[in-house]
Amino acid sequence: DTAVSQTPKYLVTQMGNDKSIKCEQNLGHDTMYWYKQDSKKFLKIMFSYNNKELIINETVPNRFSPKSPDKAHLNLHINSLELGDSAVYFCASSQLGGTGGRTDTQYFGPGTRLTVL
Amino acid sequence: GQNIDQPTEMTATEGAIVQINCTYQTSGFNGLFWYQQHAGEAPTFLSYNVLDGLEEKGRFSSFLSRSKGYSYLLLKELQMKDSASYLCASSGGSYIPTFGRGTSLIVHP
C-alpha cells in the first residue's frame, strides 16, 4: 500500500493557468510538507502543516496556496503559473514534525513533475 | 539560519568503499539526516544522527561530529544500484530538516 501518494505524477500546462496537486498519506502522521526540487536537485521546503494548521511558510509567492482539509491530505494550488515554477514538487509527511520537540523522519511521495510552457 | 555543503558529484568502483562528506552550520542544531534519491524517484530515509559517533546499518554507516559541524555517509561493498543522489539534511530550531544540494554518486563496474 502506498504511504504517501500524489496526483498527478506529471503536469504540463501553459503559463498563466491555475493548477492543483493533491497529496494524501495513510501513515496516520500529524505533519505534512510541500517541497520544491529544481533542476539542480535542490530540495527546498515550501510549507509545513500540523493537524491542518500551517506551521511553516517559507518565502514562497502567494500564488501558491496550500490547503489541508484533514490531517491526511495536503493539497497545493498554484495560480497564474510562471515558467520558473517548473520543477518537481514533493509532498512528505512525518509523525510529529516540529511540534513534538524533536525532528522526525520524513516520508516522501513520488513527486509531481510540473512543466510550464 | 542553516548552511549545508556537500560535494556535487563522486564516482567509485563496484565493490569499493566511498565516503560522502557534509558540513553544516545550523542554529539550534538537533540532528542530521541522510536520504537517498534515485533519479526520477522520491528521497528515502537512510539515517539520522543526533549524538556524536558512528551509526552502522548494514552496508551504510553515518558519522556525526557536532563540535565540528561535520557528518559523513560511508557506503561499503558498493553495488551498481547505489548510484543515486545522497542528500544531507540538518535540523535546527524549527525541527524541519533543511536539505543540501545532494551528492550524485556514480558507481561503475
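Please read all numbers here as calculations on a predicted model, not as lab measurements.

**Structural notes on the interface of chain A and chain B**
Taken together, the contact pairs 23 residues of chain A with 19 residues of chain B. For the chain A and chain B pair, buried surface summed over both sides reaches about 1,700 Å², with 60% attributable to carbon and sulfur atoms. Our count for the contact surface shared by chain A and chain B stands at zero salt bridges. For the pair chain A and chain B, the number of links is two residue pairs in polar contact (both at pLDDT 80 or more). Those elements that place two or more of their residues in the side of chain A that touches chain B are β4 (31-37) and β5 (43-50) of chain A. For the side of chain A that touches chain B, a count of residues per class yields nine nonpolar, nine polar and five charged.

**What to know about unusual backbone geometry**
Cis peptide bonds are those with omega within 30 degrees of zero, and the linkage from Thr-7 of chain A to Pro-8 of chain A qualifies with -5°. Turning to its location among the elements, Pro-8 of chain A is positioned in the loop between β1 (4-7) and β2 (10-13). The phi dihedral of Ser-80 of chain A is positive, around 45°, even though this residue is not glycine. Relative to the helices and strands, Ser-80 of chain A is located in the loop between β8 (73-78) and β9 (87-94). Even without being a glycine, Glu-77 of chain B presents a positive backbone phi close to 45°. Looking at where Glu-77 of chain B falls in the secondary structure, it is placed in the loop between β8 (70-75) and β9 (84-91).

**Here's the deal with the state of the cysteines**
For the structure on display, the rule yields two disulfides over all chains. Sulfur-sulfur distance for the disulfide between Cys-23 of chain A and Cys-91 of chain A comes to 1.9 Å. Here the S-S torsion is close to -75°, and the disulfide linking Cys-23 of chain A with Cys-91 of chain A is therefore left-handed. Residue Cys-23 of chain A is found in strand β3 (residues 19-25), and its partner Cys-91 of chain A is found in strand β9; the two are separated by 68 residues along the sequence. Cys-91 of chain A gets classed as buried once you look at its relative accessible area, which sits at 0%. Sulfur-sulfur distance for the disulfide between Cys-22 of chain B and Cys-88 of chain B comes to 1.9 Å.

**Here's the deal with the sheet that holds β1 of chain A**
Residues and elements named next belong to chain A. A sheet is described by the order of its strands in space; here four strands give the open sequence β1-β3-β8-β7, paired in antiparallel fashion. The open sheet is flanked by β1 and β7 (64-70), the only strands paired with a single partner. With direction set aside, neighbouring strand axes in the sheet form an average angle of 20°. Alignment of β1 against β3, held across four bridges, turns out to be antiparallel. Each bridged residue has a counterpart across the sheet, and for Ser-5 the counterpart in β3 is Glu-24.

**Brief notes about the pattern of salt bridges**
All names here are of chain A. Under the defined criterion, the tally for this structure stands at five salt bridges over all chains. Residue Glu-82 is joined to Arg-63 by a salt bridge in which the shortest nitrogen-to-oxygen separation is 3.5 Å. Placement of the pair is Glu-82 in the loop between β8 and β9 and Arg-63 in the loop between β6 (53-57) and β7, with a sequence separation of 19 residues. Residue Glu-82 is classed as partly exposed on the basis of its relative accessible area, which comes to 41%. Arg-63 serves as the salt-bridge partner of Asp-85, at 2.8 Å between the closest nitrogen and oxygen. Placement of Asp-85 in the loop between β8 and β9 and of Arg-63 in the loop between β6 and β7 is noted, with a sequence separation of 22 residues between them. What makes Asp-85 buried here is its relative accessible area of 4%. Linked by salt bridges that have partners in common, Arg-63, Glu-82 and Asp-85 make up one network.

**Overview of the nonpolar core**
With 20 residues, the main nonpolar core has Leu-32, Trp-34, Leu-75, Leu-78, Tyr-86 and Leu-105 of chain B as its most contacted residues. Within the residue set of this core, elements represented by two or more residues are β3 (18-26), β4 (31-37), β7 (60-65), β8, β9 and β11 (103-108) of chain B. At four residues, β3 of chain B tops the list of elements feeding residues into this core. Among all residues touching Leu-32 of chain B, those that are not within four sequence positions of it are Tyr-24, Ser-47, Tyr-48, Asn-49, Leu-64, Ser-71, Cys-88, Ala-89 and Ser-90 of chain B. Grouped together as the second largest cluster of nonpolar side chains are 19 residues, Phe-64, Leu-81, Ala-87 and Tyr-89 of chain A included.

So, how was this worked out
Residues numbered from 1 in each chain as written. Chains lettered and ligands numbered in written order. Predicted model: local features only at pLDDT ≥ 70, side-chain atom pairs only at ≥ 80, totals over all residues. Heavy atoms only, no water. Contact = heavy atoms within 4.5 Å. Buried area = accessible area lost by both parts, 1.4 Å probe. Salt bridge = Lys/Arg side-chain N within 4 Å of Asp/Glu carboxyl O. Polar contact = N/O pair within 3.5 Å; in protein donor to acceptor, adjacent residues only side chain to side chain. Helix = DSSP H or I, 4+ residues; strand = E, 2+ residues; numbered from the N terminus. Nonpolar A, V, L, I, M, F, W, Y, C, P; charged D, E, K, R; others polar. Disulfide = S-S within 2.5 Å. Buried < 20%, exposed > 50% of the residue type's maximum accessible area, 1.4 Å probe, protein only. Pairing = 2+ DSSP bridges. Axes fitted to C-alpha atoms, helices over the stretch in contact; angles between N-to-C directions. Core = buried A, V, L, I, M, F, W, Y, C linked by side-chain atoms within 4.5 Å.

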